[in-house]
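In case you want the letters, here they are:
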Amino acid sequence: MHLPIRSYDELSKMEKFALNTFIFRFSKLQDLLGRRIFRACLESFQIPTEDMSFSDILKTLEKEKILDIDNWSLLRELRNEIAYEYPEEMDETIEKINLFITRSEELLAILERLENRCDAAE
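Small disclaimer: the values here were computed from a predicted structure and weren't measured. (Residues numbered from 1 in each chain as written. Predicted model: local features only at pLDDT ≥ 70, side-chain atom pairs only at ≥ 80, totals over all residues. Heavy atoms only, no water.)

Participant: Got a minute to help me understand helix 1 (residues 13-44) in this structure?
Facilitator: Residues three or four positions apart in an α-helix share a direction because the helix packs 3.6 residues into each turn. For helix 1, with 32 residues, the first-to-last C-alpha span of 44 Å sits near the 46 Å given by 1.5 Å per residue. Taking the largest bend as the criterion, helix 1 deviates by roughly 45 degrees, centred on leucine 33. Residues of helix 1 that are buried include every one of Glu15, Leu19, Ile23, Phe26, Ser27, Gln30, Asp31, Leu33, Gly34, Phe38, Cys41 and Leu42, and no others. (Helix = DSSP H or I, 4+ residues; strand = E, 2+ residues; numbered from the N terminus. Expected span 1.5 Å × (residues − 1). Bend = angle between axes of the 7 residues up to and from the residue. Buried < 20%, exposed > 50% of the residue type's maximum accessible area, 1.4 Å probe, protein only.)

Below, the structure is given as structure tokens:
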């Protein structure tokens, strides 16, 4: 698959499958980070999270230099917009898909920073 993607219709079946799999797995990773891993990592840093809202968790992670709230929010917004598109409407969201792919590196960087900090906290 050549980036940036110009048209969903021009992709081969295998490229469409790969793109859809990437979007699905990226979404699952982002959900897992938000639902479980962020809280668990903060606990490993000896930061109690039981009374924290998700917004407070994000603020704490930003203060710990693990993520940038604006970047996290953008990734979440892009993920939500792309997740609810149908294949026949993909050409309309191709710009979002390209941005999503480009910005996916940030999610991996967040994961790496979390892993490094959690390892150091042990």
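Participant: Whenever I open this one, the side chain of glutamate 106 confuses me. Can you help?
Facilitator: Among the secondary structure elements, glutamate 106 is positioned in helix 4 (residues 94-121). Here the side chain of glutamate 106 touches arginine 113 through a polar contact of 3.0 Å, side chain to side chain. Contacts of glutamate 106, omitting those with residues within four sequence positions, involve Asn71, Leu75 and Arg113. (Polar contact = N/O pair within 3.5 Å; in protein donor to acceptor, adjacent residues only side chain to side chain. Contact = heavy atoms within 4.5 Å.)

Participant: Please clarify how the state of the cysteines should be interpreted in this entry.
Facilitator: Cysteine pairs can be covalently joined through their sulfur atoms, and such a bond is termed a disulfide. A full pass over the atoms with the stated rule returns one disulfide. Sulfur-sulfur distance for the disulfide between cysteine 41 and cysteine 118 comes to 2.4 Å. Within this pair, whereas cysteine 41 is found in helix 1, its partner cysteine 118 is found in helix 4, the two being separated by 77 residues in sequence. Here the two residues cysteine 41 and cysteine 118 agree in accessibility, since each one is buried. (Disulfide = S-S within 2.5 Å.)

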